[in-house]
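# Observations on the model geometry
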Amino acid sequence: MKRFVTLMLVAVMVLIVAACGPASPQGAQELAKELHVYNWSEYIDPEIYAEFEAEFGVKVIEDTFASNEDLLAKFQAGASGYDLIVPSDYMVNIMNQLGLLAELNYDNIPNFANIDERFRDPPYDPGNKVSVPYQWGTSGIGYDADVFEEPPDSWGYLFDPEMAAPYAGKISMLNDPREALGAALKYLGYSLNSNDAAQLEEAKQLLLQQKAWVATYDSEGFEDLLAAGETQLAHSWSGDIFMAAVEAPQLWYAIPKEGGVIWTDNLAIPKTANSQYTAEVFINYLLRPEVGAKVSNYTWYASPNEAATEFISQEITGEPAIYPPEDVMDRLEFIRDVGEATTLYDRIWTEIKSQ
Ligand code: SPD
């Protein structure tokens, strides 16, 4: 009888370890020692990497990029060795069409069930075959609230000669072709996915005219320039401004009344990954409710992880510039893959930057 009880106890413990442990459901695959992540800068709490390593024994090594186009260029130049990347919506579409992304094995990502229905099965990746939503946000105008009596909630502050010229030398623009051209197109009343050559030419002229007032094109330090008083208006991504506002409370962010960009950044695995399995285990880890919340509590971006919401600070979930109300959402547009017009966007951007 004593032997039977001991055997039962051992069997129960084996079952518990199998259910909780980091190994795959089949226990057949092994985790790699390292996971190489290619991410946007300041887009994850470094503690998450440390805690993943403590639990799973996998060291995470991160490199960063500044735009979707930089990410794509890196892979088109033959980059290998990255296990996980973070492309935005339209770039998932482009990279997938180019055959650069691996199909995900959802047996290893059961926490995908935590993703809000609204973020599943997106048009840029039907069936979430190659991507899992990570964070979402908007593109608008960061500003120094000590300088403005009213929020500068119009793209006119960046493009209209009368409104922008007073801030000459104190304006920064995102160093990003689709974002900068998108802002100009929105100011002109066009879709930010326009493939009309005449509309794109108008946007180009606007951006060329604006150069006289622009201090810098910057996608990684625009919030620091604003906090340091070197700029007063910054074409921005929402969360970066709110993150910087913790230390510099004069910083704030406005979504332009003409509308702007809404975007979703995603976790995806390149076909050239060293260990797809390890990347999937890490994606599953990021989708835990507490870990998903830890991401947003650090980045100040909104989370597509519904189960994480209760653990996200109410300063974030209750902020309408981070989680915009429906009437504002209606004015926002996703950047889409514009197909052959991409070459035109790239050529115009090169012309603007080189003049
Ligand atoms: N600091 C991280 C910023 C991530 C912004 N990604 C948004 C891209 C939208 N085109």
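Quick note: structure is the one above.
Residues numbered from 1 in each chain as written. Predicted model: local features only at pLDDT ≥ 70, side-chain atom pairs only at ≥ 80, totals over all residues. Heavy atoms only, no water.

### Side note on the side chain of Glu223
The condition is simple: Numbering goes from the N terminus for both helices and strands, where a helix is a DSSP run of H or I of at least four residues and a strand is a run of E of at least two. Burial status follows relative accessibility: with a 1.4 Å probe on protein chains alone, a residue under 20% of its type maximum counts as buried, one over 50% as exposed, and anything between as partly exposed. Positive charges come from Lys and Arg alone, negative charges from Asp and Glu alone, with His and the N- and C-terminal ends not counted. By convention in these notes, a salt bridge is any Lys or Arg side-chain nitrogen within 4 Å of a carboxyl oxygen on Asp or Glu. Contacts: residue pairs with any heavy atoms within 4.5 Å of one another.
Topologically, Glu223 is positioned in helix α9 (residues 222-227). Of the side chains bearing the opposite charge, Lys353 lies closest to the buried Glu223, which forms no salt bridge; the N-O distance is 16 Å. Residues within four places of Glu223 in sequence aside, it is in contact with Glu42, Asp240, Ile241, Ala244 and Leu251.

### Digging into the pattern of salt bridges
Under the definition given, this model contains 8 salt bridges. With a closest N to O distance of 2.6 Å, Lys294 and Glu47 form a salt bridge. You can see Lys294 sitting in helix α12 (residues 289-299) and its partner Glu47 sitting in helix α2 (residues 46-56), a full 247 residues away along the chain. In this structure Glu47 comes out as partly exposed when scored by relative accessible area, which is 44%. Salt bridges sharing partners connect three or more residues here, namely Glu47, Glu51 and Lys294.

### Let's talk about the packing of aromatic side chains
The relation between two aromatic rings is expressed through the spacing of the ring centres and the mutual angle of the planes. Operational definition: Each aromatic pair joins two rings of Phe, Tyr and Trp (for Trp, the six-membered one) with centres within 6.5 Å, and gets the label stacked for planes under 30 degrees apart, edge-to-face for over 60, and tilted for any other angle. The rule is short: NZ of Lys or CZ of Arg within 6 Å of the ring centre and within 35 degrees of the ring normal puts a charge over the ring.
Counted by the stated rule, this structure contains 25 aromatic pairs. Judged by centre distance (6.0 Å) and plane angle (35°), the ring pair of Tyr49 and Phe282 falls under tilted. In this pair, Tyr49 sits in helix α2 while Phe282 sits in helix α11 (residues 276-286), placing the two residues 233 residues apart along the sequence. In terms of burial, Tyr49 and Phe282 fall into one category: buried. Relative to Tyr285, the ring of Phe282 has its centre 6.4 Å away and its plane inclined at 20°; by these criteria the two rings are stacked. With Phe282 and Tyr285 both in helix α11, this residue pair falls 3 residues apart, about one helical turn. Comparing Phe282 with Tyr285 shows no difference in burial state: the two are buried. Feature note: the residues Tyr38, Trp40, Phe65, Phe75, Tyr82, Phe222 and Trp237 constitute an aromatic cluster, connected by ring pairs. The positively charged end of Arg178 is found above the aromatic ring belonging to Tyr345, 4.6 Å away from the centroid.

### So, the nonpolar core
A general tendency of soluble globular proteins is for nonpolar side chains to be buried together. Stated formally: Within this scheme, the nonpolar core is defined by two criteria: the residues are buried Ala, Val, Leu, Ile, Met, Phe, Trp, Tyr or Cys, and they are joined through side-chain atoms within 4.5 Å.
Ile85, Met95, Phe282 and Leu286 are the most contacted members of the largest nonpolar core, which has 82 residues in total. Broken down by element, the residue count for this core peaks at 7 residues, all from α11. Contacts of Met95, omitting those with residues within four sequence positions, involve Leu71, Leu72, Phe75, Ile85, Pro87, Leu100 and Leu101. Within the second largest apolar cluster, 33 residues are counted, among which are Trp155, Ala183, Leu207 and Tyr345.

### Some remarks on empty space enclosed by the protein
Applicable threshold: Site definitions follow a grid-based scheme: protein atoms alone, a 1 Å grid, a 1.4 Å probe that fits but cannot get out for cavities, and for pockets an open set with protein on both sides within 12 Å along at least five of seven lines, plus lining residues having an atom within 4 Å of a point. Grid points are joined across faces, edges and corners, and a volume is the space filled by probe spheres set on the points. For this classification, Asp, Glu, Lys and Arg are treated as charged, while Ala, Val, Leu, Ile, Met, Phe, Trp, Tyr, Cys and Pro are nonpolar and the rest, including Gly, are polar.
Going through the model one piece at a time under the given rule, you end up with 3 cavities of 30 Å³ or more. Taken as a whole, the largest cavity holds about 210 Å³ of empty space. Trp40, Trp237, Trp263, Asp265 and Tyr301 are, among the 18 residues lining the largest cavity, the residues nearest its centre. Classifying every residue of the lining of the largest cavity gives 9 nonpolar, 4 polar and 5 charged. For the second largest cavity, the calculated volume is near 70 Å³. Around the second largest cavity, the lining residues are Ile115, Pro133, Tyr134, Gln135, Leu267, Leu286, Leu287, Gly292, Val295, Ser303, Pro304 and Asn305. Residue assignment for the lining of the second largest cavity shows that the elements contributing at least two residues are β4 (132-144) and α12. Considered class by class, the residues forming the lining of the second largest cavity number 8 nonpolar, 4 polar and no charged.

### Here we look at the side chain of Ser238
By the secondary structure assignment, Ser238 is in helix α10 (residues 238-245). Among the residues examined, Ser238 registers a relative accessible area of 2% and is labelled buried. Ser238 has contacts with Gly137, Thr138, Tyr253, Tyr301 and Ala321, leaving out every residue within four places of it along the chain.

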